[in-house]
Amino acid sequence: MAMDFLAQHAAQRPNRAAVILHDGPTLTYADLDRQANRLANAMLGLGLASGDKCTTVGYNSTHHSIVGAAGRRLILVSLPMNYRLTPEEIEYQLNHSDTKILFSGPEQVEKIESVAARCPKVLHKVAWGMDDVPRGWIRFDDLIASGSGEPPPIEAGLTGPSMTYTAGTTGNPKGAYRAKGADPKAIQDQFGWFDLRPGDVHLAAGPLYHSAPGSFAGLHQILGGTAVLMRRFDPELALRLIQEHRVNNTFMAPTLLKRIVSLPETVQRSYDVSSMHSIVVAAAPCPFEVKRRVMDLFGPVLYEFYGASETGVNTLMKPEEQLTKPGSCGKVVDGVDMKILDDQGNECALGIPGEIWVKTESLITEYYNNPKATNDARRGDYFSVGDIAYRDEDGYIFVVDRKRDMIISGGVNI
């Protein structure tokens, strides 16, 4: 895998669509490469340096891809922010994360502006999709226009450092900080695990602030494919986009899949979805009946995994296994060591639930600015997010509970 995959794709396939917003612009690889360089150089001009925190918030947009690519070239820490946060939650995350530059869609600007005076660490606020911005903000188009189209003088890695805030079960959310970016071997493995192929067309259906939709859209850029972005999810629109763009794969939380298979059958069958060869589901338990109906509509293309922002992908359930082990999220993947322990730290017998502890190269570095939470989640080289599961005699994992109370809505922890 080339380290600067974007530059490589821009040179080899400049006119291929990299990102398509379903009701907006299309960016080719040449477009994305050029705009990423311009934005990266413009941010250098603002005084941004490697390791600085860069937060992005807004409905799915091509701007997310430009900011992400520019940030990767400067080795900035990428921070996607949940656009459903209240002003008070926005204030906490911006201050706790030490965000220096913030990019926002137009629908978020008013909320951010209401707390901006209490976020002194945010040195630059940039808005896209607006002709007039509040005093102290920069128009995205103006910022990009100020930067050179030449590559910035920094040698970046395959993926950049990142931080995702996980919803707090008690108290404030925690910043899951990955200082060195994603593990290259884990990226390579995921291509095979989920049948992701070079040049695939991917439907980004969920919000890009969630780690899984953002990660899968990014995987397809590494492969030189196309990501079709839904600004916000609509089940029939998803089917139309699959037909229109001959989409090959998608990631969806169970609730999104349920909304598709709950459409009238006449609507479901009126779209050609034969181009699909993999649908990945995770982020919450997927009911067996939803799985069955998904495969009735799309064929044997459903993959499921268990994982977390903190631990990456830990288990895999392949299409041929979906109907044979109801309730399971699959077997532990290569490169992951999973232990299921009781409260005394002893390994649980088969069929006995205990807390999941994971050892893998994909573990986060720490919970940012929260040593207590980091220490509480570690047991030697193993890490836990508090999920409870058991292993059956065939090695399949069944997640049954959570040690810490949690509500999941649309695949997002609350």
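As a starting point, this report considers the structure included with it. Small disclaimer: the values here were computed from a predicted structure and weren't measured. (Residues numbered from 1 in each chain as written. Predicted model: local features only at pLDDT ≥ 70, side-chain atom pairs only at ≥ 80, totals over all residues. Heavy atoms only, no water.)

## Points about unusual backbone geometry
In step 1: Unlike most non-glycine residues, Ile 75 shows phi in positive territory, near 60 degrees.
In step 2: Looking at the element boundaries, Ile 75 is found in the loop between α3 (62–74) and β4 (77–80).
In step 3: Classification of Ile 75 by relative accessible area gives partly exposed; the value is 28%.
In step 4: For Ala 283, which is not glycine, the phi dihedral falls at a positive 85 degrees.
In step 5: Its place among the elements puts Ala 283 in the loop between β13 (278–281) and α12 (288–298). (Helix = DSSP H or I, 4+ residues; strand = E, 2+ residues; numbered from the N terminus. Buried < 20%, exposed > 50% of the residue type's maximum accessible area, 1.4 Å probe, protein only.)

## Concerning the packing of helix α1 (residues 5–12) against helix α2 (residues 29–45)
In step 1: At a minimum axis separation of 8 Å, α1 and α2 run at an interaxial angle of 135 degrees. It follows from the interaxial angle that α1 and α2 lie oblique. At the point where α1 passes α2, the crossing takes the left-handed sense. Residues Leu 6, Ala 7, His 9 and Ala 10 of α1 form the contact with α2, whose participating residues are Tyr 29, Ala 30, Leu 32, Asp 33 and Ala 36.
In step 2: The residue makeup of the contact of α1 with α2, split by class, is seven nonpolar, one polar and one charged. (Axes fitted to C-alpha atoms, helices over the stretch in contact; angles between N-to-C directions. Parallel < 35°, antiparallel > 145°, perpendicular 65-115°, else oblique. Left-handed = near helix turned anticlockwise from the far one by under 90°. Contact = heavy atoms within 4.5 Å. Nonpolar A, V, L, I, M, F, W, Y, C, P; charged D, E, K, R; others polar.)

## Things to note about the nonpolar core
In step 1: Ranked by size, the top nonpolar core spans 70 residues in total, and within it Leu 39, Met 43, Phe 103, Phe 140 and Phe 194 carry the most contacts.
In step 2: With residues near it in sequence (within four places) discarded, Phe 194 still touches Phe 216, Ser 278, Val 280, Tyr 303, Phe 305, Val 313 and Leu 316.
In step 3: Leu 203, Ala 205, Phe 233 and Leu 257 belong to the second-largest nonpolar core, a separate cluster that totals 34 residues. (Core = buried A, V, L, I, M, F, W, Y, C linked by side-chain atoms within 4.5 Å.)

## Here's the deal with the side chain of Arg 178
In step 1: Mapping Arg 178 onto the fold places it in strand β9 (residues 174–178).
In step 2: Despite its burial, Arg 178 pairs with no opposite charge; the closest candidate is Glu 310, at 7.3 Å N-O. (Lys, Arg positive; Asp, Glu negative; His and termini not counted. Salt bridge = Lys/Arg side-chain N within 4 Å of Asp/Glu carboxyl O.)

## So, the sheet that holds strand β16 (residues 331–332)
In step 1: One open sheet holds the nine strands; their spatial order is β2-β1-β11-β10-β12-β13-β14-β15-β16, and the pairing between them is mixed. Across the chains shown, the open sheet's two edge strands, defined by having one partner strand only, are β2 (26–28) and β16.
In step 2: Pairing geometry for strand β12 (residues 249–252) and β13, over four bridges, is parallel. For Phe 251, the partnering residue across the bridge sits in β13 and is Val 280.
In step 3: Its contacts with the sheet place α3 against β1 (17–21), β2 and β11 (226–229), and it is angled at close to 140 degrees to β1.
In step 4: The sheet contacts of α12 involve β13 and β14 (302–308), and relative to β14 the element is tilted by about 135 degrees. (Pairing = 2+ DSSP bridges.)

What is shown is where atoms sit, not what they do.
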